[in-house]
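Structural overview
Listed here are the chains, written in short residue letters.
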Amino acid sequence: MQNFTAKWFIFYYFILGLLFAAAGLGLIIKTKTCAQYLLSLTDSEKPPALLRAILKYFFLFTIPCLVLSFIPFKWPELIFSIWSLLIVYIAGLQLVHWPQRRQALKSQAENLPKVIKLTGAMMLTVSPIIFLLGYLEMQTFF
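Predicted, not measured: the structure shown is a model, and the values here were computed from it. (Residues numbered from 1 in each chain as written. Predicted model: local features only at pLDDT ≥ 70, side-chain atom pairs only at ≥ 80, totals over all residues. Heavy atoms only, no water.)

1. A short note on the layout of surface pockets
Note the following rule: The distinction between a cavity and a pocket rests on a 1 Å grid over the protein atoms alone: a 1.4 Å probe fits inside a cavity but cannot get out, while a pocket stays open yet meets protein on both sides within 12 Å along at least five of seven lines, and a residue with an atom within 4 Å of a point counts as lining. Grid points are joined across faces, edges and corners, and a volume is the space filled by probe spheres set on the points. Secondary structure elements follow DSSP: runs of H or I no shorter than four residues count as helices, runs of E no shorter than two count as strands, and numbering proceeds from the N terminus. Residue classes follow a fixed rule: Ala, Val, Leu, Ile, Met, Phe, Trp, Tyr, Cys and Pro count as nonpolar, while Asp, Glu, Lys and Arg count as charged, and any other residue, Gly among them, counts as polar.
Space inside the largest pocket adds up to approximately 1,600 Å³. Along the wall of the largest pocket there are 35 residues; nearest its centre are Leu51, Ile54, Ala91, Thr119 and Met123. Counting residues per element, the ones that place at least two in the lining of the largest pocket are helix 1 (2-29), helix 2 (31-41), helix 3 (49-68), helix 4 (75-96), helix 5 (98-107) and helix 6 (112-141). Ranked by residues supplied to the lining of the largest pocket, first place goes to helix 1 with eight residues. Residue composition of the lining of the largest pocket, grouped by class: 32 nonpolar, two polar and one charged.

Below is the structure:
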């Protein structure tokens, strides 16, 4: 079971690191397109389907991480799993409060590109840390 856990985290860290890097780069490069997309979503009463799907799959992959962090018990994996759950919770709150968020998006449309670039920069900053966690896991596995 320990081999499976190590393989899971190695795979998960590297895939998540790639996704964070690609999404961060995409948000920085296509800031205006992302802002227009978000502003177009403010006309809908329902939260954006794309953001719900991303959040759902992130949550579905975080649950096994939380369970597997106890087999064998490792602090870095547990802290990473709790961090991931915290991100899911915070992003989920934004979707739950979508009626208020869409009004805020409409009223703060001029600040939206700045927030999107900041989000992309944070994702790019976090991706090397995730890669390093994968590298450390690989070092303990081999």
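2. Looking at the packing of helix 4 against helix 6
Cut-off, in case you're wondering: Fitting a line to C-alpha atoms yields each axis, with helices limited to the stretch in contact; the angle taken between N-to-C directions then spans 0 to 180 degrees. Here is the rule for angles: anything less than 35 degrees is roughly parallel, anything more than 145 is roughly antiparallel, 65 through 115 is roughly perpendicular, and the remaining ranges are oblique. Handedness of each helix crossing follows the sense of rotation of the near helix against the far helix: counterclockwise by less than a right angle gives left-handed, clockwise gives right-handed. Throughout, a contact is declared for two residues whenever any of their heavy atoms are within 4.5 Å.
Two elements in contact, helix 4 and helix 6, have axes whose closest approach is 12 Å; the angle formed by their N-to-C orientations is 150°. Here helix 4 is positioned roughly antiparallel relative to helix 6, judged by the angle of their axes. Two packed elements cross with a definite hand, and for helix 4 against helix 6 that hand is left-handed. Between helix 4, through Pro76, Glu77, Phe80 and Trp83, and helix 6, the contact on the second element is made entirely by Val126, Ile130, Leu133 and Glu137. Across the contact of helix 4 with helix 6, the residue classes tally to six nonpolar, no polar and two charged.

3. Comments concerning the packing of aromatic side chains
The criterion, for reference: When two rings of Phe, Tyr or Trp (its six-membered ring) have centres within 6.5 Å they constitute a pair, described as stacked for plane angles under 30 degrees, edge-to-face for angles over 60, and tilted for the intermediate range. Relative accessibility thresholds used throughout: buried, under 20% of the residue-type maximum; exposed, over 50%; partly exposed, between the two (1.4 Å probe, protein chains only).
Per the counting criterion, the structure on display carries eleven aromatic pairs. Arranged with centres 5.0 Å apart and planes meeting at 80°, the rings of Tyr13 and Phe80 form a pair that is edge-to-face. Residue Tyr13 is located in helix 1, and its partner Phe80 is located in helix 4; the two are separated by 67 residues in the primary sequence. For the pair Tyr13 and Phe80, a shared accessibility class is recorded, and that class is buried. Through pairs of rings, three or more aromatic residues link up here, namely Trp8, Phe9, Tyr12, Tyr13, Phe20, Phe61, Phe80 and Trp83.

4. What to know about the pattern of salt bridges
Operational definition: The rule for a salt bridge is simple: a side-chain nitrogen of Lys or Arg has to be within 4 Å of a carboxyl oxygen of Asp or Glu.
This model, assessed by the stated rule, comprises two salt bridges. Across the pair Arg102 and Glu45 runs a salt bridge, and its minimum N-O distance is 2.7 Å. Here Glu45 lies in the loop between helix 2 and helix 3 and Arg102 lies in helix 5, a separation of 57 residues in the sequence. Here Glu137 ties to Lys74 by a salt bridge, and the two come within 3.2 Å at their closest N and O atoms. Residue Glu137 is located in helix 6, and its partner Lys74 is located in the loop between helix 3 and helix 4; the two are separated by 63 residues in the primary sequence.

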